[in-house]
Amino acid sequence: HSEVKALLKSSSMRKKVHTLKVERYDSLGGMKLAFPCVSCQQGIRLAGVKRVVFTTEDGYNEWVVN
């Protein structure tokens, strides 16, 4: 749940997050799916984040938060 931890840290520094980047890698350095879980999605919405960029096995993808 690193997404929520990052949002909490940014709010304690009085920073507004518009884009959040989430990355996950395997032990060999290959990209893995890092789409936020349901709980983190709720936190992202509540924080007002508009865009999440995340890794997939094929590179990067984007979630435009509504």
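Refer to the structure presented above.
Quick notes on the rules
Residues numbered from 1 in each chain as written. Predicted model: local features only at pLDDT ≥ 70, side-chain atom pairs only at ≥ 80, totals over all residues. Heavy atoms only, no water. Helix = DSSP H or I, 4+ residues; strand = E, 2+ residues; numbered from the N terminus. Buried < 20%, exposed > 50% of the residue type's maximum accessible area, 1.4 Å probe, protein only. Lys, Arg positive; Asp, Glu negative; His and termini not counted. Salt bridge = Lys/Arg side-chain N within 4 Å of Asp/Glu carboxyl O. Contact = heavy atoms within 4.5 Å.

### Re the side chain of E3
Among the secondary structure elements, E3 is positioned in helix α1 (residues 2-12). Here E3 sits buried without a salt bridge, and the closest side chain of opposite charge, R24, lies 5.6 Å off (N-O distance). The contact partners of E3, leaving out residues within four places of it in the chain, are L20, V22, A34, P36, C40 and I44.

### Some details on the environment of A47
Within the secondary structure layout, A47 lies in helix α2 (residues 38-47). Take A47: its relative accessible area is 29%, and that puts it in the partly exposed class. Note: C-alpha distance between A47 and K16 (31 residues apart in sequence) is 8.3 Å. Sequence-distant contacts of A47, defined by excluding residues within four places in its chain, comprise L7 and K16.

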